[in-house]
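Okay, here's what each chain looks like letter by letter:
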Amino acid sequence: MSRERVLILGGGHAGVRCARELIAHRRAGDEIDITIVSRENVEVWHGLMPQIVSGVLQAQHVLIPLREILPGVTIYTHEIESIDPVARRAVLSLGGESDEVTLEADYLVIALGSVTDLSRFPGLTEHALQTKTIGDFIHLRNHLIEMLEAASVTTDAAERQRRLTFVIAGAGYAGVEIASEANEFLRASVRAYPMIAPNEVRVITIDILTRVLPTFNDRLAQRVVDRMRNRGIELRLGVGIKEATAGAVVLADGSRIETRSIIATVGIGTNPLVRGMPIELQRGRIPCDPFCRVPRWPGVYAVGDNAAVPDAASGQPFGAMVMVAFGEGRQAARNILAQVRGEPPEPCHPARFGEVALLSRRYGVAQLRGLALHGWPASVVSCALFLSFMPTWRRRVALALHWMGSAVMPDNLTPLPIGRSNTVVPVRFGPGETIVREGELSGRFYVITSGEVEVLQRLDGRDHRMRTLGAGDYFGEIGALGNRRRTATVRTLSATSLLSLARQDFAALVEHLPALHDALTQPRPDNRMPPTE
């Protein structure tokens, strides 16, 4: 009897809960193998990441290594290139030239999560500081320190004010928490800059909605508004962002805010892999039945932000919330085990006991089963809730100790400088070596700095030389700009040096430089060689 293969695409809360539930409840006779695919080998706790900005927590406290909590699970930390839900198959890119792997499964769980999409707001894509990844938050903290440093020595009054004005787009959970933590951080740090007056610092939260935290009751939402204003945060509610530039934000009412810091907590979009699936989405999510199954694709489940799972009581899809992701991930795992055992599935009933938001070390709001809390009692409840979610006691103790330590000895001004080096990578090949191979997955764009190569295409079962390229020539643009797979083989004729650029960096460069795009898509001079044997 062959073993059943469960493939989970996504290492967020829903995907990880699905894997953990399978581990916890599988029996020896179930005969299942579990594989999870995640871009990174960690589960990221987004609800705690705003505290990185203020220095309450460090990066390692919001990252849970998957190999620590998923024993026995095969983990691929790679990009997903394509998904075939009908065949329950996924193709992964391993990062280099021709590095790919195809995974097939008997049960496929789609838990890819959402992405940031700022295309609806002109200028935000180019100029906003995003708040999706751990790197975004580390960069945001560094940026705040950089603005204080620059403002402290700027003699231009207008530029000084731009650098001391911080705009947060969005007044939901992330917007309110990030604005509050950033405000606490800036006002604590400005004491180290005697040349900056505290009243020069402006933190402004903007949202097209007329209230903050829409899922909280009106009384708690108003308490949050009062708290934010008392702490010096300006609120511009009921007005959206029209556009952003390198030095300003223009609002829908025509007003203009001069700033060098736009922090985006808006623009949640559908994952492109989900958007490309052969199914009509329901408000950007895959239609499911109450059991988290996708009816059109036998053996396929969807959970979390990717799934529109209807509440059996109301018929309406559950909201895209953390507790819902937990519940859907666990229920999908239980129903997979039930299907393996020939048992009937059960509908999903996620725990929905309330909401919490942490605005600072000592202030939070909580709405739990009809009980409304604010201030330090809510912050204690919120911290306890997060601790209960931690997967191991070691993690709980470490997080609790750091919370206590940072309350006694806060660290306000230490930056975390992180940057990539060698984005453009020099490479060298000896004579007769193959640089790229026809039909394989594209990984990089190349510019020849010295040497000579031949471009080969396979025709009638044999390789034919189509052209030769030398110093100053380039190749790889077709695969990098959309085809994704190499249309020819490139092999060196002599020792050759090249500069290579990762596909995603090359695509971003071409997207924002139309002249380069036009030059690359123009037909090349005809330097074809007579076909060779």
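Up top is the structure these notes are about.
What counts, and at which threshold
Residues numbered from 1 in each chain as written. Predicted model: local features only at pLDDT ≥ 70, side-chain atom pairs only at ≥ 80, totals over all residues. Heavy atoms only, no water. Helix = DSSP H or I, 4+ residues; strand = E, 2+ residues; numbered from the N terminus. Buried < 20%, exposed > 50% of the residue type's maximum accessible area, 1.4 Å probe, protein only. Lys, Arg positive; Asp, Glu negative; His and termini not counted. Salt bridge = Lys/Arg side-chain N within 4 Å of Asp/Glu carboxyl O. Contact = heavy atoms within 4.5 Å. Pairing = 2+ DSSP bridges. Axes fitted to C-alpha atoms, helices over the stretch in contact; angles between N-to-C directions. Parallel < 35°, antiparallel > 145°, perpendicular 65-115°, else oblique. Left-handed = near helix turned anticlockwise from the far one by under 90°. Nonpolar A, V, L, I, M, F, W, Y, C, P; charged D, E, K, R; others polar.

Draft legend 1. Main features of the side chain of Glu177. When you line up the elements, Glu177 lands in helix H7 (residues 173–189). Despite its burial, Glu177 pairs with no opposite charge; the closest candidate is Arg227, at 12 Å N-O. Among residues more than four places away in sequence, those in contact with Glu177 are Gly47, Pro50, Val356, Ala357 and Leu358.

Draft legend 2. Structural detail: the pattern of salt bridges. Summed over all chains, the structure comprises 28 salt bridges. The salt bridge partner of Glu159 is Arg162, with a shortest N-O separation of 2.8 Å. In this pair, Glu159 and Arg162 both sit in helix H6 (residues 157–163), three residues apart, roughly one turn of the helix. Here Glu159 falls in the buried class, since its relative accessible area comes to 11%. A salt bridge links Arg211 to Asp218; the shortest N-O distance between them is 2.4 Å. Here the salt bridges share partners, and the residues they tie into one network are Glu159, Arg162, Arg163, Arg256, Glu258 and Arg260.

Draft legend 3. How the structure looks around the sheet that holds strand S6 (residues 79–84). Taken together, three strands build an open sheet; the order of strands is S6-S7-S8 and the sheet is antiparallel. The open sheet has two free edges, formed respectively by S6 and strand S8 (100–104), since each of these has just one partner strand. Shown here is a sheet whose adjacent strand axes are inclined to one another by a mean of 20°, direction ignored. One ladder, built from five bridges, connects strand S7 (residues 89–93) with S8; its direction is antiparallel. For Arg89, the partnering residue across the bridge sits in S8 and is Glu104.

Draft legend 4. Fine view of the packing of helix H1 (residues 13–25) against helix H10 (residues 322–341). The contact between H1 and H10 brings their axes to 7 Å, and the two run at 40°. Between H1 and H10, the interaxial angle falls into the category oblique. Crossing angle aside, the handedness with which H1 passes H10 is right-handed. Here H1 contributes His13, Ala14, Arg17, Cys18, Glu21, Leu22 and His25 to the contact with H10, which in turn contributes Val322, Ala325, Phe326, Gly329, Arg330, Ala332, Ala333, Arg334, Ile336, Leu337 and Arg341. Taken together, the residues that form the contact of H1 with H10 break down as ten nonpolar, three polar and five charged.

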